[in-house]
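The residues making up each chain are set out below.
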Amino acid sequence: MSQSPPLTGLRVLEFAGLAPGPFAGLLLADWGASVLRIDRSVPGAHTSTPPPPTSDLLTRHKTSIAVDIKSPSGISLILSLIPHVDILIDPFRPGVLEKAGLGPENVLLKLNPRLIVARMTGFRRDGKYSSMAGHDINYLAVSGVLSQLGRKEDTPYPPANLLGDFGGGGLVCFLGIVMAVLQRQQSGKGQVVEANMVDGVAYLGIMPRLARKTPMWDKGRGENLLDGGCPYYDTYECKDGRYMAVGALEPHFFTHLLKGLNIPLSSLSGPRDNRTTWPALRTLFTRTFKSKTRAEWEKIFDGTDACCTPVLTQDELEENGYDQRPIVTLRDSPGKAIAEGDADTRPACEGQGIGVQGNGWESKGLAPGVGGEEVLARWMGWSRGRQYDLVDGGLVRLGGGSKL
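Residues numbered from 1 in each chain as written. Predicted model: local features only at pLDDT ≥ 70, side-chain atom pairs only at ≥ 80, totals over all residues. Heavy atoms only, no water.

(A) Structural view of the domain arrangement of the protein. Annotation of the protein at the domain level lists domain 1 (11–205 + 371–397) and domain 2 (233–319). For domain 1 versus domain 2, the distance between C-alpha centres works out to 43 Å. (Domains from an automatic or database assignment.)

Spelled out as C-alpha cells, the structure:
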C-alpha cells in the first residue's frame, strides 16, 4: 500500500458524548486522524490502575485524557491544546461549550483560526425544540421520517438508533468535517460545522418524502412499495423460524422468484402490480416460505436473480468469519483495518495495518486517561509535572494561561 490513510496527520479533540459524536470521531480515527477523547475527571484516571472503561464502545484507534471542564485549570489545559489541533467535536446541548468558556467564535477560533469546530446536536439549534432533551426516536419523530416507518395499522416503528444517531447524526457530522477540511485547504481558515439529527434524518428521507405524491409512496404507512406494503418486497418466515428477504421489484426478478418458489404465474389472482392482488399474494408467499427451512431456500435461490436472500444474524456472521471492513475502499490510500491480520498482505478493501482487537465484532471500550499522555507528548512535547499535572482524577495546566 503506497499511501497512508487520507486523514493522517489531522489532530482531533473529541469531547466524550453519546453515539453520534463518538461515531464521527471513530470515522476520523479509522481514516488516519489522531483522535484524543476528553473524558470527565474520575478517580483512578491516568494511574496504573485506571477506572473501568466508559459505556462508549466507539473507541477504535482513540486515546483519552480526563479533564474537569468545570475547573479553571482544566479549561486552561484545553485552551492550551486548541492552537495545536485541527478539529474539535462538540457533542453537547447548545450553550454548554460557551458556559465552560470555550465558545467557538469568540474563544476557540480566535486562538486557532484554522480550527474546525464540529457541533453535533439532536434538534436544530434554532428550532422549537432546541433547549429540550431528546433521543434518536424524538429526532426521527419531528423530522417527519418516523411517521413513514412501520406496518399498516401499527404504531410508527423506529429502526433502533441507526437513522438518527449514526446515519443522520455521526455520519453527516463526519461529512461536514471533511468538507470543512477541504475548504480550509483553499481558504486557510477553519469554521464551525453545525450538524443536527433532525435535518440529517430529513435529508436521508428525501426519497420517501418526494415520493409521497407519486404512486410509489402515496398510501399510508406500511401500504407502499418499499415500506412492507408490497408482498414481493418483504421478509418471510421459514419452516425453521428463520427468515428470507425478498426484493423482486422488477418483472424479470419476480419471474425468477416465482420459479424458485415453484409458483406458476398463471396461478396468481391477478397482475402483480395491482394492489388488490397483494393480500392474496402475501398469503401465498407466507405459506410457501413456511414449507422449507431457510437453508433449503438458500440452496434454491443462491446464484439466481430472484433477489431473495437469507436474513443473516450478527451471531451467524461472526461465527462464520465475516470480516468487518472500512466503510468504503480507497484503493491507493485505504483506511485503517478493522479486523486483525497481517499488515503487509491485507488487500485494500480490508484496510491497512494490523487491525484492532475484537475484529470489529466487539469493543472493550476505553478507560478515561488511557493513552492520552503519550499523545500529549507526541503532539506537544508535554510531560507530566512540567506543562501539566494530575489533580483529583483529571489533568490540569501548570502555570495558567493558554500559551506554551
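More follows now that the structure is in view.
(B) Representation of the sheet that holds strand β3 (residues 62–66) in the model. The parallel open sheet is built from six strands, whose spatial order is β3-β2-β1-β4-β5-β6. The open sheet has two free edges, formed respectively by β3 and β6 (191–196), since each of these has just one partner strand. Strand-to-strand twist of the sheet, defined as the mean angle between neighbouring strand axes without regard to direction, takes the value 20°. Relative to strand β4 (residues 87–90), helix α1 (residues 20–30) is tilted by about 155°, and along the sheet it contacts β1 (11–15), β2 (34–39), β3, β4 and β5 (116–121). (Pairing = 2+ DSSP bridges. Helix = DSSP H or I, 4+ residues; strand = E, 2+ residues; numbered from the N terminus. Axes fitted to C-alpha atoms, helices over the stretch in contact; angles between N-to-C directions. Contact = heavy atoms within 4.5 Å.)

(C) Spatial organisation of the packing of α1 against helix α6 (residues 162–187). Orientation of α1 relative to α6, taken along the N-to-C sense of each, is 50°, at an axis distance of 8 Å. Taken together, α1 and α6 sit at an angle that is classed as oblique. Crossing angle aside, the handedness with which α1 passes α6 is right-handed. Taken together, the residues of α6 that come into contact with α1 (itself represented by Pro20, Phe23, Ala24, Leu27 and Leu28) are Asp165, Phe166, Gly169, Gly170, Leu171, Cys173, Phe174 and Ile177. Broken down by class, the residue content of the contact of α1 with α6 amounts to ten nonpolar, two polar and one charged. (Parallel < 35°, antiparallel > 145°, perpendicular 65-115°, else oblique. Left-handed = near helix turned anticlockwise from the far one by under 90°. Nonpolar A, V, L, I, M, F, W, Y, C, P; charged D, E, K, R; others polar.)

(D) Representation of the pairing of strand β8 (residues 243–247) within the structure. Alternating residues of β8 divide into Met244 and Val246, all buried, and Tyr243, Ala245 and Gly247, none buried. Relative to β8, strand β7 (residues 233–237) runs antiparallel, the two sharing five bridges. Bridge pairing links Thr235 to Ala245 in β8. Adjacent in sequence and paired antiparallel, β7 and β8 are bridged by five residues, among which Gly241 carries a positive phi angle near 85°. (Buried < 20%, exposed > 50% of the residue type's maximum accessible area, 1.4 Å probe, protein only.)

(E) Highlighting the packing of helix α9 (residues 251–261) against helix α11 (residues 294–301). Across the interface, α9 lies against α11 with an axial gap of 10 Å and an inter-helix angle of 130°. Comparing their axes, α11 and α9 come out oblique. Two packed elements cross with a definite hand, and for α9 against α11 that hand is right-handed. In contact with His256, Leu257, Gly260 and Leu261 of α9, α11 contributes Trp297, Ile300 and Phe301. Of the residues contributing to the contact of α9 with α11, the split by class is five nonpolar, two polar and no charged.

(F) Spatial organisation of the side chain of Asp56. Following the sequence through the fold, Asp56 ends up in the loop between β2 and β3. Residue classification places Asp56 among the buried residues on the basis of a relative accessible area of 11%. In this view, Asp56 contacts Glu14, Pro22, Arg37, Gly365 and Leu366; residues no more than four positions away in its chain are not counted.

(G) Geometry of the nonpolar core. In terms of nonpolar packing, the biggest core is built from 31 residues, with Leu28, Ile87 and Ile177 touching the most fellow members. Within the residue set of this core, elements represented by two or more residues are α1, β4, β5, α6, β6 and α7 (197–204). Among all residues touching Leu28, those that are not within four sequence positions of it are Leu7, Val12, Ala33, Val35, Ile87, Ile89, Phe174 and Ile177. Counting 29 residues, the second-largest nonpolar core is a separate cluster that includes Phe15, Leu109, Met380 and Tyr388. (Core = buried A, V, L, I, M, F, W, Y, C linked by side-chain atoms within 4.5 Å.)

(H) Fine view of the state of the cysteines. Scanning the entire structure with this criterion turns up zero disulfides. Of all cysteine sulfurs in the structure, the one in Cys307 sits closest to Cys230, which takes part in no disulfide; the separation is 12 Å. (Disulfide = S-S within 2.5 Å.)

(I) Spotlight on the packing of aromatic side chains. Evaluated as defined, the whole model comprises twelve aromatic pairs. Where Phe23 meets Phe166, the ring centres are 5.1 Å apart and the plane angle is 75°; that geometry is what we call edge-to-face. Residue Phe23 is found in helix α1, and its partner Phe166 is found in helix α6; the two are separated by 143 residues along the sequence. The same class applies to Phe23 and to Phe166, which are both buried. These aromatic residues form a ring-pair network of at least three members: Tyr232, Tyr236, Phe254, Trp278, Phe285, Phe289, Trp297 and Phe301. The ring of Tyr232 carries Arg272 above its face, with NZ or CZ at 4.6 Å from the centroid. Seen from the ring of Trp297, Lys292 lies directly overhead, with NZ or CZ sitting 5.8 Å from the centre. (Phe/Tyr/Trp six-rings, centres within 6.5 Å; stacked < 30°, edge-to-face > 60°. Lys NZ or Arg CZ within 6 Å of the ring centre and 35° of its normal.)

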